Amino acid sequence: MQLRRSALNRSFLAATGVAVTAGLLLSGCGSKATETDTAKSDSCVDTSGPTIKVGSLNSLSGTMAISEVTVRDSIKLAVDEINAKGGVLGKQVQIVGEDGASDPAVFAQKAEKLIKNDCVAAVFGGWTSSSRKAMLPVFESNNALLYYPVQYEGLESSKNIFYTGATTNQQIVPALD
């Protein structure tokens, strides 16, 4: 029974990753940030070429690696499947991976690097609330996008973060029913 749940969890993560990646890329394809944009963004993201870069920021070392390596693998699986089917609008997706090292300060530093130096269109990652909270001001100050993959405590909202997991009320109420 445990093996079957594990396989179902992996399938769910992969399917979610594919859906989220496709949605992100469809929303960003074909545009390039310029100085005339109304948002006056200083973004270096360029989606006009044959590839679109996305960040994968997960703990590949430290105490959280046991959970986050699986998420990184799911992101890679989703991107491989999308690219095998021709990409998104004919563009191939390129992953730029970083190790958050199970340290919120490192997550913030690596998020800044992915946004400003690697010029990714969005970042998929984080696992703990402390890593998300450390990255939040980075994504807001750079007007960049983070896809946060797991449940969280709620009571936080940002136009720069897609919270893809359930909040506590979405977990507890069904459990009580």
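Per chain, residues are indexed from 1 in the order of the written sequence. At least 70 in pLDDT is required for a residue's local features to be given in this predicted model, at least 80 for side-chain atom pairs to be given and counted, and no such filter applies to totals for whole chains, interfaces and linings, which use all residues. In computing side-chain properties, one takes all heavy atoms of the structure into account and sets aside hydrogens as well as water.

It is worth spelling out the pattern of salt bridges at this point. Salt bridges are identified by distance alone: a Lys or Arg side-chain nitrogen within 4 Å of an Asp or Glu carboxyl oxygen. Tallied over the entire structure, the rule returns six salt bridges. For the salt bridge of K110 with E98, the shortest nitrogen-to-oxygen distance reads 3.2 Å. Taken as a pair, K110 in helix α3 (residues 104-116) and E98 in strand β2 (residues 92-99) lie far apart in primary sequence, 12 residues in all. On the basis of relative accessible area, K110 is assigned to the partly exposed category, the value being 23%. What makes E98 buried here is its relative accessible area of 12%. The residue K116 makes a salt bridge to E112 at a minimum N-O spacing of 3.0 Å. In this pair, K116 and E112 are both assigned in helix α3, four residues apart and thus about one turn of the helix distant. Several salt bridges converge on common partners, so that one network encompasses E98, K110, K113 and D118. Helix and strand assignments come from DSSP, with helices taken as H or I runs of at least 4 residues and strands as E runs of at least 2, each series counted from the N terminus. For every residue, the accessible area (1.4 Å probe, protein chains only) is compared with the maximum for its type, and the residue is labelled buried under 20%, exposed over 50%, or partly exposed between those bounds.

Quick look at the packing of aromatic side chains now. Aromatic ring pairs are reported here in terms of the distance separating the ring centres and the angle at which the planes meet. In this analysis, rings of Phe, Tyr and Trp, with Trp reduced to its six-membered ring, are considered paired at centre separations within 6.5 Å, and the interplanar angle assigns stacked below 30 degrees, edge-to-face beyond 60, and tilted for intermediate values. Summed over all chains, the structure comprises two aromatic pairs. Each ring, one from F124 and one from Y147, has its centre 4.8 Å from the other, and the planes form 15°; the classification is stacked. With F124 in strand β3 (residues 123-125) and Y147 in strand β4 (residues 146-148), this residue pair connects regions lying 23 residues apart in the sequence. On the basis of an interplanar angle of 5° and a centroid distance of 4.5 Å, the ring pair of Y147 and F162 is categorised as stacked. Placement of the pair is Y147 in strand β4 and F162 in strand β5 (residues 161-163), with a sequence separation of 15 residues. In this structure, R132 packs its charged tip against the face of Y148, placed 4.9 Å from the ring centre. Either the NZ atom of lysine or the CZ atom of arginine qualifies as a charge over a ring when it sits within 6 Å of the ring centre and within 35 degrees of the ring normal.

A packed helix pair is summarised by two numbers, namely the angle formed by the two axes and the spacing between the axes. The N-to-C vectors of α3 and helix α4 (residues 129-141) enclose an angle of 35°; their axes lie 8 Å apart at closest approach. You can see that α3 and α4 cross each other, and the crossing is right-handed. Taken together, the residues of α4 that come into contact with α3 (itself represented by P104, F107, A108, A111, E112 and I115) are S130, S131, A134, M135, V138 and F139. Helix axes are fitted to C-alpha atoms over the stretch in contact, other axes to C-alpha atoms as well, and angles between N-to-C directions run from 0 to 180 degrees. Note: crossing handedness is left-handed where the near helix turns anticlockwise from the far helix by less than a right angle, and right-handed where it turns clockwise. By definition in these notes, contact holds between two residues if any of their heavy atoms fall within 4.5 Å.

In this structure, L57, V123, M135 and F139 are the most contacted members of the largest nonpolar core, which totals 19 residues. Counting only elements with at least two residues in this core, the list comes to α3, α4, β4 and β5. Among the elements that line this core, the one with the most residues is α3, at five residues. Nonpolar cores were defined as sets of buried Ala, Val, Leu, Ile, Met, Phe, Trp, Tyr and Cys residues, with membership established by side-chain atoms within 4.5 Å.

What follows deals with the sheet that holds β4. At least two DSSP bridges between two strands are needed for those strands to be called paired. Strand order in the open sheet formed by five strands is β2-β1-β3-β4-β5, with parallel pairing between adjacent strands. The outermost strands of the open sheet, each flanked by one partner alone, are β2 and β5. Put simply, the sheet's adjacent strands are angled 25° from each other on average, direction ignored. Strand direction decides the pairing type here: strand β1 (residues 51-58) and β2, joined by eight bridges, are parallel. Considered in β2, the bridge of N58 is made with D99. Seen against the sheet, α4 touches β1, β3, β4 and β5 and runs at an angle of roughly 165° to β4.

One fewer than the residue count of a helix, multiplied by 1.5 Å, yields its expected span. For α3, spanning 13 residues, the distance from its first C-alpha to its last is 18 Å, which sits close to the expected 18 Å at 1.5 Å a residue. For α3, the set of buried residues is V106, F107, A108, A111, L114 and I115. Contacts from the buried residues of α3 go to β1, α2 (65-84), β2, β3 and α4. Nitrogen and oxygen atoms within 3.5 Å of one another constitute a polar contact, given that in protein one can donate a hydrogen and the other can accept it, and given that sequence-neighbouring residues count only through two side-chain atoms. Where α3 begins, the side chain of D103 points an oxygen toward the backbone nitrogen of A105, at a separation of 2.9 Å.

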